[in-house]
Amino acid sequence: MNGESPLLRLMNVSQIYGTGQRSFKAVALVNLTVTEGEFLALLGPSGCGKSTLLRIITGLQKPSEGQVLYRGLPLKGVNPQASMVFQTFALFPWLTVLENVEVPLKARGIPSKMRTARALDLLDRVGLDGFETAYPRELSGGMRQKVGFARAMAIEPELLCLDEPFSALDVLSAEALRGELLELWTSGNIPTRALLMVTHSIEEAVYMADRIVIMEKDPGRVVKDLKVPLPHPRIRKDPKFLDVVDRVYAILAGQTQPEHVELGTAPGEPGRTRALPHIVINELAGLLEHVVELPNDRADIYRLAEELKVNSDHLLRLVEATELLGFATITQGDFILTSLGETFGEASILARKEMFATRIRRLPIFQWLIAMLKAAENHQLEWDVVQTALELEFPPEEAQRQLDTAVNWGRYAELLAYDDNAELIYLELAGSVPTPSPEGRDNGSPQVVI
Ligand code: ADP
Ligand code: MG
């Protein structure tokens, strides 16, 4: 599917909302080209203008400034070659599944027989065979979203835009539907020439897209455009997959110093092992939640101690941890959240665990610990053995505290487990990415939501 011609071009597109003093720039000077054969994901924090851009691209909205070209021609009004799938699909409750899919075909004056045939075919392809005469209320969320996909595809769009299409679904339905969409796309059985998907999930973007465009807010703008050089089907546990995920994280986190300085080296290796700041995750989450509510996601460090009612020593440890994890930067006494920190502050508990796990996996002390556990029999080690190894790097008391903190963080991230009675540390699920449970509960595959 490698066409070369540009399907869509945004040139210096800006969007201003409101008028006079109240007006603000939601999107500033976006340049973007979508080429035939591409699956593009748009990633960025809430309010960075992702939905706005999709409305501009589909012609539902005219930008305040700049140009939209479709196949080289300026777009006027709604783009007849594009359609949109929304987070929750507004199906007509009084129409059957089949009738819902026929709506856009009817609007285009396609004769009854033809549109029924096409709608039946689409329902078949999205796996809704047998549900043609059902009403939306009879369907699960996942099935309703499938009707939404079928409806969006009914007009055989060249450009299919998807605005967080899986985020309202439970873990299993979302995963199934992702697979089905990818199958349709990679098989080349649909006339769609390009896909543009807004997502809050870093993992989802890396799993599905060929290119990821990362946006930031205030004002909404594109900050990075990176290719995902992985063939389909992609394996989430594949080191190459995790590598791309890490790169996206790094972009969102920003990097202030070279990695070896920022992270230090593993215990026993030449160079200094950077000690983990002794903090518990709830406090870290509390700090980020507090700052994410402040103007510009930024605070004066010394005011923070007062506001959070912690002593300044403790606050500095928290600040150091957020910096180490890439959740914040410190500039001239100000504590400023990175996009990643902002994301963490706004994320669900499940998404936080996944983000936290991804961030600590890159710390040399965790890499060292995980490698040792992987090599050990039954993937477990006695506490004392690990502590002794750490004593090569830290004085005994500090080695113990380091291990305390590492186990505490690792348990939160569901990378490590600890058996207090046997004083054993072991790898959770052999360090693999948790897979969805049928209940879709706590151990479900967490989608990193930003
Ligand atoms: P995203 O989809 O990335 O969360 P949106 O495109 O929905 O972002 O919104 C970008 C910014 O523009 C937000 O601050 C939002 O409140 C604002 N906004 C979006 N639509 C409108 C509108 N129709 N009128 C005024 N402000 C809007
Ligand atoms: Mg949106």
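My aim in this report is to walk through the structure given alongside it, one point at a time. Only a predicted model underlies this, so the values are computations on that prediction, with no experimental measurement involved. For every chain, the first residue of the written sequence is number 1, and numbering continues from 1 along that sequence. Chains and ligands are labelled sequentially in the order written, the chains with letters from A and the ligands with numbers from 1. Totals for whole chains, interfaces and linings use all residues, but because this is a predicted model, local features are given only for residues with pLDDT of at least 70 and pairs of side-chain atoms are given and counted only at 80 or more. Working from all heavy atoms in the structure, the side-chain values ignore hydrogens and water.

Under the scheme used here, helices are H or I runs from DSSP no shorter than 4 residues and strands are E runs no shorter than 2 residues, and both carry numbers assigned from the N terminus. Counting secondary structure elements, the protein chain contains 16 helices and 16 strands. Each radius of gyration is computed over the set of C-alpha atoms, and the globule rule expresses the reference value as 2.2 Å times the number of residues to the power 0.38. In terms of overall size, the protein chain behaves like a compact globule, its C-alpha atoms giving a radius of gyration of 25 Å where 450 residues would be expected to give roughly 22 Å. Projected onto its principal axes, the C-alpha coordinates of the protein chain cover approximately 80 × 55 × 40 Å. Evaluated residue by residue, the protein chain yields a buried proportion of 52% over its 450 residues. Within the protein chain, contacts between residues separated by at least 24 positions form 68% of all contacts whose residues are at least 6 apart in sequence. Here the protein chain displays about 20,700 Å² of accessible surface, and carbon together with sulfur accounts for 51% of that area. Only protein chains enter the accessibility calculation, which uses a 1.4 Å probe; a residue is then buried when its area is under 20% of its type maximum, exposed when over 50%, and partly exposed in between. When checking whether two residues touch, look at their non-hydrogen atoms; a contact exists if any pair is within 4.5 Å. Only the protein chains shown count as cover for residues, and the accessible areas themselves come from Shrake-Rupley with a 1.4 Å probe.

Patch membership is restricted to residues that have no salt bridge and whose relative accessible area is over 30%. Joining uses 9 Å for like charges and 5 Å for the nonpolar side chains Val, Leu, Ile, Met, Phe, Trp and Tyr. Salt bridges are defined by distance alone: a side-chain nitrogen of Lys or Arg within 4 Å of a carboxyl oxygen of Asp or Glu. Counted as positive: Lys and Arg. Counted as negative: Asp and Glu, with His and the chain ends omitted from the count. Note on charges: their place is set at NZ of Lys, CZ of Arg, CG of Asp or CD of Glu. A contiguous patch of negative charge on the surface is contributed by Glu382, Asp384, Glu391, Asp420 and Glu423. Among the structural elements, Glu391 can be located in the loop between helix H15 (383-390) and helix H16 (396-412). The class for Glu391 is partly exposed, based on a relative accessible area of 32%.

Before going further, it helps to examine the site of ligand 1. The environment of ligand 1 is formed by Tyr17, Phe24, Ala26, Pro45, Ser46, Gly47, Cys48, Gly49, Lys50, Ser51, Thr52 and Arg55. Between ligand 1 and Tyr17 there is a distance of 3.5 Å, counted from a nitrogen atom to a side-chain nitrogen or oxygen. Contacts described as polar in this section are N or O atom pairs within 3.5 Å, which, within protein, must combine one atom able to donate a hydrogen with one able to accept it, while residues neighboring in sequence count only if both atoms come from side chains. The side chain of Thr52 places a nitrogen or oxygen atom 2.5 Å from an oxygen atom of ligand 1. A total of 560 Å² of accessible area belongs to ligand 1 in isolation, and the protein chains cover 60% of it. When residues in the shell around ligand 1 are grouped by element, the largest group, 4 residues, is from helix H1 (residues 50-57). We call Asp, Glu, Lys and Arg charged. Ala, Val, Leu, Ile, Met, Phe, Trp, Tyr, Cys and Pro are nonpolar, and the rest, Gly among them, are polar. Its residues placed into classes, the shell around ligand 1 shows 5 nonpolar, 5 polar and 2 charged. Any residue with a heavy atom lying within 4 Å of a molecule or strand is counted as near it.

Here the focus is the environment of Leu105. Tracing the backbone through its elements, the reader meets Leu105 in helix H2 (residues 97-107). Sequence separation of Leu105 and Ala154 is 49 residues, and the distance between their C-alpha atoms is 6.8 Å. Ignoring anything within four residues of it in the chain, the contact list for Leu105 reads Ile110, Arg115, Arg118, Ala154 and Ile155.

Working definition of a nonpolar core: buried Ala, Val, Leu, Ile, Met, Phe, Trp, Tyr and Cys residues. They are joined through side-chain atoms within 4.5 Å. With 114 residues, the main nonpolar core has Phe356 and Trp409 as its most contacted residues. Leaving out residues up to four positions away in the same chain, Trp409 has contacts with Leu276, Pro277, Ile279, Ile281, Ala321, Leu325, Phe356, Ile360, Leu363 and Phe366.

Should DSSP find at least two bridges between two strands, the strands are taken to pair. What the 3 strands build is an open sheet, ordered S11-S13-S12; its pairing is antiparallel. Looking at the sheet topology across the chains shown, the edges are occupied by strand S11 (298-300) and strand S12 (328-331). Neighbour-to-neighbour, the strand axes of this sheet turn through a mean angle of 25 degrees, independent of strand direction. In terms of strand pairing, S12 meets strand S13 (residues 334-337) through 4 bridges, oriented antiparallel. Each residue of the ladder has a partner; that of Thr331, found in S13, is Asp334. Angular values range over 0 to 180 degrees, each being the angle between N-to-C directions of two axes fitted as lines to C-alpha atoms, with helices fitted over their stretch in contact. In the packing of helix H9 (residues 281-292) onto the sheet, contacts are made with S11 and S13, and the angle to S13 comes to roughly 90 degrees. In this fold helix H10 (residues 301-308) packs onto S11, S12 and S13, with an angle of close to 90 degrees to the strand it touches most, S11.

Once that is clear, we can look at the environment of Ala422. If you trace the backbone, Ala422 turns up in the loop between strand S15 (416-419) and strand S16 (424-427). When the C-alpha positions of Ala422 and Trp383 are compared, they lie 9.0 Å apart, and in sequence the two are 39 residues distant.

The next thing to look at is the pairing of strand S9 (residues 211-216). The buried count for S9 comes to 5 of 6 residues, which makes it a mostly enclosed element. As defined by bridge partners, strand S3 (residues 39-43) adjoins S9 across 4 bridges and the pair is classed as parallel. In the sheet register, Leu43 faces S9, and the bridge partner there is Ile214. Relative to strand S10 (residues 221-227), S9 runs antiparallel, the two sharing 6 bridges. The residue bridging Val213 from the neighbouring strand is Asp225, located in S10. Connecting S9 to the next strand, S10, in antiparallel fashion are 4 residues, including Asp218 with a positive phi near 55 degrees.

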